[in-house]
Amino acid sequence: MSRVSLCWIAAAVVLLGVASFPALADTPASCLYEEIKGDWTFYLGPDGQSKDVNCSAADLGSGTTPFQVSLTFPNLAFTPDGTQGTWTMVYNQGFEVNIANRKFFAFSSWETNGKVVTSHCDRTLNGWFHDRLNKDGKEYNAGNWGCYYGRKNVAVEPRVQFVGSSLSEVHGDRVYRPDHRMVEKINQAQSSWKAVEYPHFHGMKLSEVQRHMGNSRFPMPPKFPHTVKASVAPEELAQLPKNFDWRNVSGVNYVSPVRNQASCGSCYSFASMGMLESRVRILSKNKETPVFSPQNIVSCSEYSQGCDGGFSYLIGGKYGEDFGQIEESCFPYTATDEACSLRCANPRRWYSTDYRYVGGFYGGSSAPLMMKEVYENGPVAVAFEVHPDFKNYKSGVYRYTGVTSSFNPLVTTNHAVLVVGWGETEDGTPYWIVKNSWGTSWGMEGYFWILRNTDEVGIESCVVRATPVL
């Protein structure tokens with residue numbers, strides 16, 4: 001199969017167009033919830049195949065079996081005979097449907113012409129389906145794989161977007177320069193957090209710094225079209241502690257060490273691995289302390305795009321259920337798009353299940369739901385918009401200042417990180433405690449605090465959880 005996903009999409013810069021679906025292509029499709037919601041026909045190829053089936057190269061032009069499904073608001077799916085299931089968008093790139101004891105996932109269709117991308121949100125690229133098994137109230141991959149593609153029963157007008165320049169075109173070979181004036185402006189603009197200039201950026205190409213900060217693609221999709229949030233009872237919320245941190249629960253640390261993704265857009269992999277590592281520690285009471293391989297995801301995952309990005313929902317969740325994670329020793333991190341080549345002949349596979357967006361679907365999360373999930377089950381993977389000022393964070397409660405640099409014209413990106421707890425400052429400012437993947441020399445030994453309860457730069461809008469299988 002061909003790797004066909006991306007990490008986090010944001011403003012201004014995008015890679016140049018790709019001719020067709022296979023061959024390590026990004027998926028620059030950008031589809032809205034209302035364009036996906038509705039009646040679909042999935043055209044299923046033969047099942048009975050293994051999880052190694054090459055769906056990107058499958059010929060599904062004839063001999064398919066139609067499967068009708070209605071995707072309704074907010075996340076319910078129905079077949080014509082009344083069978084009920086669920087569905088969710090995966091960012092604005094595709095959608096997953098869970099119905100009739102099967103899971104279906106595909107990316108939305110798109111095509112490019114020079115620097116113009118046309119998204120066809122009423123159809124999908126070739127995707128994957130497999131049977132699912134309910135056991136002990138959780139869902140597991142039961143095998144029996146096949147390939148399919150989807151067509152919406154009512155056509156949707158294609159969306160045409162102009163694609164900006166690539167990072168190399170924008171930045172060329174320009175090198176990052178210290179901008180002490182920017183740091184001064186950030187610290188003068190507010191007193192919530194402290195900014196510093198980090199020497200490890202010095203001498204890096206601007207394109208490398210940009211990639212380190214996240215992946216820049218199309219503008220963020222708008223917020224979920226309706227306000228539908230699962231509620232947390234006030235009395236239940238009141239029972240949660242004022243401060244909570246999985247690094248110190250009765251003196252015990254359940255969080256794996258901070259790592260450094262370097263100049264590779266693999267934030268989604270580090271956030272996903274960090275979530276699963278912590279949850280294994282919690283479930284096993286620290287008897288099991290694996291460190292999983294982000295490089296395995298970068299090099300081997302069919303659901304992501306290597307150093308050009310991916311989604312925690314697909315990696316910490318779907319990939320973990322379908323293929324399992326391997327440990328770091330079997331594929332050490334190199335921060336490159338090297339070929340998939342494991343160092344272990346038969347590595348242990350750590351599987352996960354019960355993966356979902358907190359709130360039940362993309363767009364359904366909220367701060368109270370996040371707190372409840374973190375407290376009861378462990379850290380969660382989140383995404384947020386990284387503005388240029390964030391790279392200078394040192395301590396305090398981060399909030400976006402709007403300060404930028406004329407020396408280093410970096411653009412907004414999206415970045416995946418791990419929420420491990422929460423707290424309040426002495427003056428009562430609520431914050432999340434977040435583990436980054438930029439090494440221990442950045443921030444507060446690799447961590448940062450960010451304003452809580454306000455969805456600051458989107459930190460509470462895209463929240464992923466999964467349960468390791470021990």
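To be clear, the structure that these remarks concern was listed above.
None of the values given here were measured: they were computed from a predicted structure.

Colleague: Looking at this structure, I do not really get unusual backbone geometry. What am I missing?
Modeller: Phi is mostly negative for residues that are not glycine, and the peptide bonds are mostly trans. The omega torsion across Phe-73 and Pro-74 is -5°, close enough to zero to call that bond cis. The residue Pro-74 is located in the loop between strand E2 (65-72) and strand E3 (76-78) in this model. The phi torsion at Ser-250 lies on the positive side, around 55°, for a residue other than glycine. Unlike most non-glycine residues, Ala-262 shows phi in positive territory, near 60°. You can see Ala-262 is positioned in the loop between strand E12 (244-245) and helix H6 (267-283). For Ala-262, a relative accessible area of 30% puts it in the partly exposed group.

Colleague: Would you take a moment to explain the packing of aromatic side chains for this structure?
Modeller: Think of a pair of aromatic rings as described by two things: how far the centres are apart, and how the planes are tilted against each other in angle. The tally for this structure, following the rule as stated, stands at 47 aromatic pairs. Ring centres of Tyr-43 and Tyr-149 lie 5.1 Å apart, and the angle between their planes is 20°; this geometry places the pair in the stacked category. Here Tyr-43, found in strand E1 (residues 38-44), pairs with Tyr-149, found in strand E9 (residues 138-152); they are 106 residues apart in sequence, far enough to count as distant. In this structure Tyr-43 comes out as partly exposed when scored by relative accessible area, which is 25%. On the basis of an interplanar angle of 80° and a centroid distance of 4.8 Å, the ring pair of Phe-105 and Phe-107 is categorised as edge-to-face. Among the aromatic residues, those joined into a ring-pair cluster are Tyr-176, Trp-193, Tyr-198, Phe-201, Phe-384, Phe-390, Tyr-393, Tyr-398, Trp-438, Trp-442 and Phe-448. In this structure, Arg-348 is placed above the aromatic ring of Trp-350, and the distance from its NZ or CZ to the ring centre is 3.5 Å. A cation sits over an aromatic face here: Arg-452 above Trp-432, 5.8 Å from the ring centre.

Colleague: Help me understand the state of the cysteines in this model?
Modeller: For the coordinates displayed, the defined rule picks out five disulfides. There is a disulfide in this structure between Cys-55 and Cys-147, and the S-S distance comes to 2.1 Å. Sign of the S-S torsion, about -85° for the bond between Cys-55 and Cys-147, identifies this disulfide as left-handed. Within this pair, whereas Cys-55 is found in the loop between E1 and E2, its partner Cys-147 is found in strand E9, the two being separated by 92 residues in sequence.

Colleague: Hey, could you run me through the side chain of Glu-321 in this one?
Modeller: Residue position: Glu-321 is located in helix H8 (residues 312-322). A polar contact of 3.3 Å, which involves the side chain of Glu-321, links it to the side chain of Thr-353. For Glu-321, the residues in contact, after removing those within four places along its chain, are Lys-103, His-130, Glu-139, Tyr-140, Asn-141, Tyr-351, Ser-352, Thr-353, Asp-354 and Tyr-355.

Colleague: Whenever I open this one, the packing of H6 against H8 confuses me. Can you help?
Modeller: Each pair of packed helices gets described by two things: the angle between the helix axes and the distance between those axes. Two numbers describe how H6 lies on H8: the axes approach to 8 Å, and their chain directions differ by 40°. Here H6 is positioned oblique relative to H8, judged by the angle of their axes. H8 is crossed by H6, and the crossing has right-handed handedness. Between H6 and H8, the residues in contact are Tyr-268, Ala-271, Ser-272, Met-273, Met-275 and Leu-276 and Ser-312, Ile-315 and Gly-316, respectively. When the residues that make up the contact of H6 with H8 are grouped by side-chain class, the tally is six nonpolar, three polar and no charged.

Colleague: Any chance you could explain the side chain of Asp-122 here in plain terms?
Modeller: Looking at the element boundaries, Asp-122 is found in strand E7 (residues 116-124). Judged by relative accessible area, which is 8%, Asp-122 ranks as buried. Reaching out from Asp-122, the side chain makes a polar contact with the backbone nitrogen of Val-156 at a distance of 3.0 Å. Those residues within four positions of Asp-122 in sequence are excluded, and the remaining contacts are Trp-40, Gly-150, Arg-151, Lys-152, Val-154, Ala-155 and Val-156.

Procedures and definitions
Residues numbered from 1 in each chain as written. Predicted model: local features only at pLDDT ≥ 70, side-chain atom pairs only at ≥ 80, totals over all residues. Heavy atoms only, no water. Helix = DSSP H or I, 4+ residues; strand = E, 2+ residues; numbered from the N terminus. Buried < 20%, exposed > 50% of the residue type's maximum accessible area, 1.4 Å probe, protein only. Phe/Tyr/Trp six-rings, centres within 6.5 Å; stacked < 30°, edge-to-face > 60°. Lys NZ or Arg CZ within 6 Å of the ring centre and 35° of its normal. Disulfide = S-S within 2.5 Å. Polar contact = N/O pair within 3.5 Å; in protein donor to acceptor, adjacent residues only side chain to side chain. Contact = heavy atoms within 4.5 Å. Axes fitted to C-alpha atoms, helices over the stretch in contact; angles between N-to-C directions. Parallel < 35°, antiparallel > 145°, perpendicular 65-115°, else oblique. Left-handed = near helix turned anticlockwise from the far one by under 90°. Nonpolar A, V, L, I, M, F, W, Y, C, P; charged D, E, K, R; others polar.

That is the geometry; function is a separate question.
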